[in-house]
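Structure assessment
Okay, here's what each chain looks like letter by letter:
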Amino acid sequence: QVQLVESGGGLVQAGGSLRLSCAATPAGSIFRINAMGWYRQAPQKQRELVADATSGGSTNYADSVKGRFTISRDNAKNTVYLQMNSLKPEDTAVYFCAAEALSSAGSWKDYWGQGTQVTVSS
């Protein structure tokens, strides 16, 4: 099992910034965590990838956030951050942290956080 605890959401005006944090706590048979990232889900829309980062440092961004959001990781702390700048009202959503973990039995599994609300006012 991997517990993911998110923080940093809130209400901000358009053009403002927020920083999300997600700390992963592996337990039991978890061998290592590979990719960690952020997804978001707006009302009546499907959940979509915002950005993710592998333990090796590779990153991937949704086109809609490129140049505005930056994902980073502290592998020693199993923590991933999402710096969000130049926020737009369309960034309003619940943001979920996700982690891909490998168990000692050799199987990969995805884990999800509870989500944190980000609201951008116009």
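That block above? That's the structure.
Worth saying up front: this structure is predicted, and the values here are computed from it rather than measured.

**Focus: the overall build of the chain**
- A count of helices and strands for the chain gives zero helices and eleven strands.
- Going residue by residue from the N terminus, the α and β elements of the chain occur as β-β-β-β-β-β-β-β-β-β-β.
- Rg of the C-alpha trace for the chain: 14 Å, near the compact-globule value of 14 Å for 122 residues, within the 12% margin.
- Within the chain, buried positions represent 41% of all 122 residues.
- As displayed, the chain offers around 6500 Å² of accessible surface, 46% of which is attributable to carbon and sulfur atoms.
- Positive and negative side-chain charges in the chain, numbering 11 and 9 respectively, have mean positions lying 2 Å apart.

**Quick word on the sheet that holds strand 1 (residues 2-7)**
- Pairing within the open sheet is antiparallel, and its four strands lie in the order 1-3-8-7. Edge strands, defined here as strands with exactly one partner in the open sheet, are strand 1 and strand 7 (69-74). Neighbour-to-neighbour, the strand axes of the sheet open up by a mean angle of 15 degrees, direction not taken into account.
- Pairing between strand 7 and strand 8 (residues 79-84): six bridges, direction antiparallel. Among the inter-strand pairings, Phe69 is bridged to a residue of strand 8, identified as Met84.

**Re the packing of aromatic side chains**
- Scanning all chains against the criterion turns up one aromatic pair.
- When the ring centre of Tyr81 is taken as origin, the NZ or CZ atom of Arg19, which lies over that ring, is 4.2 Å away.
- The ring of Trp112 carries Arg47 above its face, with NZ or CZ at 4.7 Å from the centroid.

**Some details on the pairing of strand 10 (residues 108-112)**
- Relative to strand 10, strand 9 (residues 93-103) runs antiparallel, the two sharing five bridges. Residue Ala98 lies in a different strand from strand 10, and its bridge partner there is Trp112.
- The hairpin turn running from strand 9 into strand 10, its antiparallel successor, is four residues long, and Gly106 in that turn takes a positive phi close to 95 degrees.

**Quick word on the nonpolar core**
- Counting residues in hydrophobic clusters, the biggest one holds 32 residues, and the most contacted among them are Leu4, Met36, Trp38, Leu82, Met84 and Tyr95.
- At the level of secondary structure, the elements contributing two or more residues to this core comprise strand 1, strand 3 (18-26), strand 4 (30-41), strand 5 (48-53), strand 7, strand 8, strand 9 and strand 11 (116-121).

**Looking at unusual backbone geometry**
- Positive phi is not limited to glycine here, since Gln44 has a value of about 60 degrees.
- Assignment of secondary structure puts Gln44 in the loop between strand 4 and strand 5.
- One non-glycine residue with positive phi stands out, namely Ser86, at about 50 degrees.
- In this fold, Ser86 is placed in the loop between strand 8 and strand 9.
- Look at Ser86 and you get partly exposed, because its relative accessible area is 40%.

Thresholds, definitions, all that
- Residues numbered from 1 in each chain as written.
- Predicted model: local features only at pLDDT ≥ 70, side-chain atom pairs only at ≥ 80, totals over all residues.
- Heavy atoms only, no water.
- Helix = DSSP H or I, 4+ residues; strand = E, 2+ residues; numbered from the N terminus.
- Rg over C-alpha atoms; globule rule 2.2 N^0.38 Å.
- Buried < 20%, exposed > 50% of the residue type's maximum accessible area, 1.4 Å probe, protein only.
- Areas by Shrake-Rupley, 256 points an atom, 1.4 Å probe, with all protein chains shown as cover.
- Lys, Arg positive; Asp, Glu negative; His and termini not counted.
- Charge placed at Lys NZ, Arg CZ, Asp CG, Glu CD.
- Pairing = 2+ DSSP bridges.
- Axes fitted to C-alpha atoms, helices over the stretch in contact; angles between N-to-C directions.
- Phe/Tyr/Trp six-rings, centres within 6.5 Å; stacked < 30°, edge-to-face > 60°.
- Lys NZ or Arg CZ within 6 Å of the ring centre and 35° of its normal.
- Core = buried A, V, L, I, M, F, W, Y, C linked by side-chain atoms within 4.5 Å.

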